[in-house]
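What follows is each chain in one-letter form.
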Amino acid sequence: MVLYLDSAIVTEARVASKFGWISGVTTNPTLLAKSDLSPEATLKELSEIVSGELYYQLTATSFDEMIAEGKAASKLIGHKIVLKIPATATGFQATSHLSKNIDCSVTGIYHPAQAVVAAETGAKYAIAYVNRATRLLGDGLKLVRDMAKVLEGSSTEILAASVKSPDEATETLLAGAHHLTLPFSVLQTITTHELSEKTFKEFNEKGRGIMY
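Remember, it's a predicted structure, so these values are computed and weren't measured experimentally. (Residues numbered from 1 in each chain as written. Predicted model: local features only at pLDDT ≥ 70, side-chain atom pairs only at ≥ 80, totals over all residues. Heavy atoms only, no water.)

**Student:** Describe in detail the environment of Glu40, supporting the description with residues and values.
**Tutor:** With respect to the helices and strands, Glu40 occurs in helix α3 (residues 39-49). Along the sequence, Glu40 and Ile9 sit 31 residues apart, while their C-alpha atoms lie 13 Å from each other. (Helix = DSSP H or I, 4+ residues; strand = E, 2+ residues; numbered from the N terminus.)

Here is the structure:
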């Protein structure tokens, strides 16, 4: 299992990289638009901060333009890149072409059959928007469970995005997701629980250690 930061804010990436348990950063056009820097400058900054994978989502819509954009992003980011390619007919065609030389993910999957196609195109990851799928389809966790079933035995793994709380993160993993990408606020929240704080406060008040 891998946890990613879902953000294009450089300051958030710097802080998250110091956590010691974040393996990469995922971005999308909306997140890049929130950066004070240009998309190119943002990605360069993030690539210097991130030790693991850095995801870039294609915005082109035609096959030839997708191929050109994917190659340009790969040249900009380097070996850390994972392309996020929309789950459309043209997107699957582009994934099949680009995945031969660049790690690719298919994003915005709303039906398990799309996950099957993603695997056949050579995609490394199939991305489901859990919370959004719940709002639009009624049950984002069922989508993840069905994707896990149809992808069983394949090399394509499920990356879950649009996860809004620690509870939803846990439920998504239990449903079969391999990895999660989470907003900075959720990454902060999952490290704490009031009972944990209370428990260790009691230990420290009543006990002794080698330093204090």
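**Student:** I'd like a description of the environment of Ala68, backed by residues and values.
**Tutor:** As for its position among the elements, Ala68 is in helix α4 (residues 63-77). Since its relative accessible area comes to 45%, Ala68 is described here as partly exposed. Along the sequence, Ala68 and Leu173 sit 105 residues apart, while their C-alpha atoms lie 35 Å from each other. (Buried < 20%, exposed > 50% of the residue type's maximum accessible area, 1.4 Å probe, protein only.)

**Student:** So what's going on with the packing of aromatic side chains? Residues and values would help.
**Tutor:** Centre-to-centre distance and the angle between the planes together describe a pair of aromatic rings. For the structure on display, the rule yields six aromatic pairs. An angle of 20° between the planes, with centres 5.3 Å apart, marks the rings of Phe19 and Trp21 as stacked. Residue classification places Phe19 among the partly exposed residues on the basis of a relative accessible area of 29%. Measuring from ring centre to ring centre gives 5.8 Å for Tyr55 and Tyr125, while their planes differ by 40°; the resulting arrangement is tilted. A residue pair is termed long-range when its members are at least 10 positions apart, and Tyr55 in strand β3 (residues 53-57) and Tyr125 in strand β6 (residues 125-129) qualify at 70 residues. Put simply, the rings of Tyr4, Tyr55 and Tyr125 pair up and form one aromatic cluster. (Phe/Tyr/Trp six-rings, centres within 6.5 Å; stacked < 30°, edge-to-face > 60°.)

**Student:** A description of the sheet that holds strand β1 (residues 2-6) should follow, citing residues and the corresponding values.
**Tutor:** Think of a sheet as strands paired side by side through backbone hydrogen bonds, with each pair either parallel or antiparallel. In space, the eight strands of this closed barrel follow the order β1-β2-β3-β4-β5-β6-β7-β8, with parallel pairing throughout. On average, adjacent strands in this sheet sit at an angle of 25° to one another, irrespective of strand direction. Where β3 meets strand β4 (residues 81-86), four bridges bridge the pair, whose relative direction is parallel. For Tyr56, the partnering residue across the bridge sits in β4 and is Leu83. Sheet strands in contact with helix α6 (residues 112-120) are β5 (104-109) and β6, and its direction is about 170° off that of β5. (Pairing = 2+ DSSP bridges. Axes fitted to C-alpha atoms, helices over the stretch in contact; angles between N-to-C directions. Contact = heavy atoms within 4.5 Å.)

**Student:** Can you explain the pairing of β1? Please cite residues and give values.
**Tutor:** With five of its five residues buried, β1 lies for the most part within the structure. Here β1 shows a buried face lined by Val2, Tyr4 and Asp6 and a second buried face lined by Leu3 and Leu5. Sheet topology note: the β1/strand β8 (residues 179-182) ladder contains four bridges and is parallel. Counted as the bridge partner of Tyr4 is Thr181 from β8. Relative to strand β2 (residues 24-26), β1 is paired through three bridges, and the arrangement is parallel. Its bridge partner lying in β2, Leu5 is registered against Val25.

**Student:** Lay out the nonpolar core in plain terms, naming residues and giving numbers.
**Tutor:** By size, the foremost hydrophobic cluster in this structure holds 56 residues, and its most contacted members are Leu5, Tyr56, Leu83, Leu98, Ile109, Met147 and Leu182. With five residues, helix α8 (residues 140-151) is the single largest residue contributor to this core. Ignoring any residue separated from it by four or fewer positions in sequence, one finds Leu5 in contact with Glu12, Ala13, Ala16, Ile22, Gly24, Val25, Thr26, Thr181, Leu182, Pro183, Phe184 and Leu187. With nine residues, the next largest nonpolar core counts Val2, Tyr55, Ile127 and Tyr129 among its residues. (Core = buried A, V, L, I, M, F, W, Y, C linked by side-chain atoms within 4.5 Å.)

**Student:** For the pattern of salt bridges, give the residues involved together with the corresponding values.
**Tutor:** If you walk through the whole model with that rule in mind, you get five salt bridges. For Arg14, the salt bridge identified is with Glu45, shortest N-O distance 3.4 Å. In this pair, Arg14 is assigned in helix α1 (residues 10-17) and Glu45 in helix α3, connecting sequence segments 31 residues apart. With relative accessibility at 40%, the residue Arg14 sits in the partly exposed group. By relative accessible area, Glu45 is classed as partly exposed at 28%. A salt bridge links Asp146 to Lys142; the shortest N-O distance between them is 2.7 Å. With a gap of four residues between them, Asp146 and Lys142 both fall in helix α8, about one helical turn apart. We classify Lys142 as partly exposed; its relative accessible area is 43%. Three or more residues joined by partner-sharing salt bridges are found here, namely Glu53, Asp103 and Lys124. (Salt bridge = Lys/Arg side-chain N within 4 Å of Asp/Glu carboxyl O.)

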